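Residues per chain, in single letters:
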Amino acid sequence: MVGFLDLSLLRDFFSLLLLQVSMWGSDSFLVISPSEPIVAMLGMDTVLPCHVSPAMSAENMELRWFRSEFSEAVYVYQDGMEQVGEQLVDFKGRAELVKDYITEGRVSVRIYSLRISDSGIYKCFFKKGSEFQEATLELKVIGLGSGPHVFMVGPEGTGIRLTCTGKRWFPQPEVQWKDAMGEKIPSLSEVETQDDDGLFQIEASLIVRDSSKREVSCSMKNPFFGQEQVETISIPESFFPRTSPWMTAFAVTFIILGIFLGAVVFLAWKERQEKKRTQEAQAEKEKESKDKGRRKQLYQQDWRKAKLYADWRKEQFEAVAVTLDPDTAHHNLILSENRKQVSLMGNAPQNCDASGRQGQGESETIFSVLGQNCFTTGRHYWEIEVNIGTEVGLEPRWAVGVCSDTAERNGWFVESPEKNFWVIAYNKGVLISRPESLSLRQHPQRIGVFLDLEDKDVSFYNMVDGSHIYSFTGITFYGTLHPYLSLQGAGTYVTICSASDDTENYPESSPKTHLKSRDMGVAQEANPLLPP
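Fair warning: this is a prediction, and the values are worked out from it, not measured in the lab.

1. Observations regarding the pattern of salt bridges
Within this structure, the stated rule accounts for 16 salt bridges. Residue Arg 64 is joined to Glu 62 by a salt bridge in which the shortest nitrogen-to-oxygen separation is 3.6 Å. Under the relative-accessibility criterion, Glu 62 is labelled buried at 13%. A salt bridge links Asp 197 to Arg 168; the nearest nitrogen and oxygen atoms lie 3.9 Å apart. One end of the pair, Asp 197, is in the loop between β15 (189-194) and β16 (200-208); the other, Arg 168, is in strand β12 (residues 159-169), with 29 residues separating them in the sequence. By relative accessible area, which is 42% here, Arg 168 ends up partly exposed. A single network of salt bridges, built from pairs that share partners, joins Arg 379, Asp 452, Glu 454 and Asp 455.

2. Some words on the sheet that holds strand β11 (residues 146-156)
Strands belonging to one sheet form pairs held by backbone hydrogen bonds; the direction of such a pair is parallel or antiparallel. Strand order in the open sheet formed by 4 strands is β11-β12-β16-β15, and the pairing between neighbours is antiparallel. One side of each edge strand has no neighbouring strand; the edge strands of this open sheet are β11 and β15. Averaged over neighbouring strand pairs, the angle between their axes works out to 15° when direction is ignored. Pairing analysis gives 8 bridges linking β11 to β12, with the strands arranged antiparallel. Paired with Gly 154 across the bridge in β12 is Arg 161.

3. A short note on the side chain of Ser 471
Within the element layout of this structure, Ser 471 appears in strand β30 (residues 467-473). There is a polar contact of 2.6 Å between the side chain of Ser 471 and the side chain of His 468.

4. Let's talk about the environment of Phe 125
In this fold, Phe 125 is placed in strand β9 (residues 120-128). Overall, the relative accessible area of 7% leaves Phe 125 in the buried class. Separated by 61 residues in the primary sequence, Phe 125 and Arg 64 have C-alpha atoms spaced 4.9 Å apart.

5. Considerations on unusual backbone geometry
Cis peptide bonds are those with omega within 30 degrees of zero, and the linkage from Ser 53 to Pro 54 qualifies with 0°. Relative to the helices and strands, Pro 54 is located in the loop between β3 (46-53) and β4 (62-66). Residue Pro 171 is bonded to the preceding Phe 170 through a cis peptide linkage, with omega at -10°. Residues other than glycine seldom take positive phi values, yet Arg 339 does so here, at roughly 60°. In this model, Asn 420 sits at a positive phi of 70°, which is unusual for a non-glycine residue. Mapped onto the fold, Asn 420 is located in the loop between β24 (397-404) and β25 (421-427). Looking at Asn 420, the relative accessible area reads 13%, which means it is buried.

6. Focus on a nonpolar patch on the surface
The grouping of Phe 250, Phe 254, Ile 255 and Ile 259 at the surface amounts to a nonpolar patch, some 480 Å² of accessible area in total. Positionally, Ile 259 belongs in helix α2 (residues 245-301).

7. Things to note about the packing of aromatic side chains
The full count for this structure, using the stated rule, is 16 aromatic pairs. Measuring from centroid to centroid gives 5.8 Å for Trp 398 and Tyr 426, while their planes differ by 10°, and the two rings are stacked. Remark: Tyr 426 occurs in strand β25 and Trp 398 occurs in strand β24; sequence separation between them is 28 residues. With relative accessibility at 1%, the residue Trp 398 sits in the buried group. Given the relative accessible area of 11%, Tyr 426 is considered buried.

8. Observations regarding the pairing of β25
For β25, the buried fraction is high: 7 of the 7 residues fall into the buried class. Of the two faces of β25, the one lined by Phe 421, Val 423, Ala 425 and Asn 427 and the one lined by Trp 422, Ile 424 and Tyr 426 are each fully buried. Bridge analysis of β25 against strand β26 (residues 430-433) gives 3 bridges, and the strand direction is antiparallel. Along β26, the bridge assignment pairs Tyr 426 with Leu 431.

9. Regarding the state of the cysteines
Enumeration according to the criterion identifies 2 disulfides in this entry. What pairs with Cys 50 in a disulfide is Cys 124, and their sulfur atoms sit 2.1 Å apart. Linking Cys 50 and Cys 124, the disulfide has an S-S dihedral of approximately -95° and is accordingly described as left-handed. Of this pair, Cys 50 sits in strand β3 while Cys 124 is found in strand β9, placing the two residues 74 residues apart along the sequence. Note on Cys 124: relative accessible area 0%, which makes it buried. With a sulfur-sulfur separation of 2.0 Å, Cys 164 is cross-linked through a disulfide to Cys 218. Classification of the bridge connecting Cys 164 and Cys 218 rests on its S-S torsion, roughly -85°, and on that basis the disulfide is left-handed. Placement of Cys 164 in strand β12 and of Cys 218 in strand β17 (residues 215-221) is noted, with a sequence separation of 54 residues between them.

10. Quick notes on the side chain of Arg 409
Tracing the chain through its elements places Arg 409 in the loop between β24 and β25. From its side chain, Arg 409 meets the backbone oxygen of Thr 328 in a polar contact 3.0 Å long. A distance of 2.7 Å separates a polar atom in the side chain of Arg 409 from a polar atom in the side chain of Ser 368. Apart from the residues within four sequence positions on either side, Arg 409 is in contact with Thr 328, Ser 368, Val 369, Leu 370, Cys 403, Phe 421 and Tyr 484.

11. Some words on the sheet that holds β4
Read across the open sheet, the 6 strands follow the order β2-β10-β9-β4-β5-β6; overall the sheet is mixed. Pairing within the sheet leaves two strands with one partner each, and these edge strands are β2 (38-41) and β6 (81-82). Inspection of the sheet shows β4 paired to β9 by 5 bridges, in the antiparallel sense. Its bridge partner being in β9, Glu 62 is matched across the sheet by Lys 127.

Rules used in this analysis
- Residues numbered from 1 in each chain as written.
- Predicted model: local features only at pLDDT ≥ 70, side-chain atom pairs only at ≥ 80, totals over all residues.
- Heavy atoms only, no water.
- Salt bridge = Lys/Arg side-chain N within 4 Å of Asp/Glu carboxyl O.
- Buried < 20%, exposed > 50% of the residue type's maximum accessible area, 1.4 Å probe, protein only.
- Helix = DSSP H or I, 4+ residues; strand = E, 2+ residues; numbered from the N terminus.
- Pairing = 2+ DSSP bridges.
- Axes fitted to C-alpha atoms, helices over the stretch in contact; angles between N-to-C directions.
- Polar contact = N/O pair within 3.5 Å; in protein donor to acceptor, adjacent residues only side chain to side chain.
- Patch = residues over 30% accessible without salt bridge, like charges linked within 9 Å, V, L, I, M, F, W, Y side chains within 5 Å.
- Areas by Shrake-Rupley, 256 points an atom, 1.4 Å probe, with all protein chains shown as cover.
- Phe/Tyr/Trp six-rings, centres within 6.5 Å; stacked < 30°, edge-to-face > 60°.
- Disulfide = S-S within 2.5 Å.
- Contact = heavy atoms within 4.5 Å.

Okay, here's the thing in structure tokens:
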């Protein structure tokens, strides 16, 4: 393996030797320049050397040093003399050819009074006859400016502000603060600017708060050349601000006062917000009250046509304290002591379907009761509350309304207007008023009965939400009218409500309600009479 390596090296040596011999026998040559950048100080002189290989005289060659473009000539030598016609203006009078060893092919261009703009890439070009070669070299111009200069600006907060300045540096130097132990301290701020010559002006700041660090240094270092300049400053201990006990007490007092004032401002703001909300709520309430009054006034002007607002409708009717008449009650019904509630006896028959059977007998009897109140004229209303039982047995059934004292109530009978009954009934989960079923969003639990003998009208309202249920209109009454109740089903009972139990329900706006009237025969949509 070692013998193979020796043979390979020997072959490469002979190849290089043959190349040199062949070049000696011809005009071929190479141009060689420094491989490392040439570093020179700002304002000083420097040379850009190049030479040919193999060594030969360059007196009769064309020599040219230029920047990035061939036409940007720094120096041109041709026909044994300098050619200034192609030379850049910046180098006129500042560049000359060093040709002490031109006969050996070693020449240089000297540049005087280096500028920052002189930094960059250069090329040297050698031409002999038709043969020419060139090489590249780099020039770095650096400036070690003045400084650093460190001085105290003065106290700032709990420390001392220091400033470190430097001028005419190139490239931008590295700034570093250190304490007496050599530990690095980061700058508070650094500001760099460049003048017209491209040189950097530096100003770095630092605040020293630790009184033990009374000796601080600032250094500026050129990143290319590595040269560093340092200046140190000593800070007398007396220069550091001292905290006075009175200042501490003042600071604490100021903080407490600030918190107190903040709390006062917050409470005042909160009180204003609360007052504003109260005023807004009052204004909204007044607006709502005025709107309600306006709607009520419109309603009262034509309340007969408006099947709406049960609580406002009550103002046109006389409230009746209905009392059930035990003499008219079926023997399977139980009345409360105050005669305001009726329920079914526990052993009463539970197989009655009064709406569909045609026969006689106890199992086919409707259990009903009348109110003691009698009506022949005027407008009257009362309210009842229905509680449906959940016990197992026959599905509950109930009916409420009015009937004439001429109506037949023995055994099984039909609760219809033709038989002088004007009622709504609940049977098999459906609310009905003969001869049709009523389509309601929910079954009412508290029902208002409005009897208008003057306009020959009986209306029913859901007193929970004030909505209209059904109306019988254009009635021809016979005899004296009484409140009427009937019920079926274990656990079901009906209660007459007292006037003190009334609760007002005013809709937000006039709803569209499906009205059913006995003389119309079909459901009609009642348009709101009152604007929202």
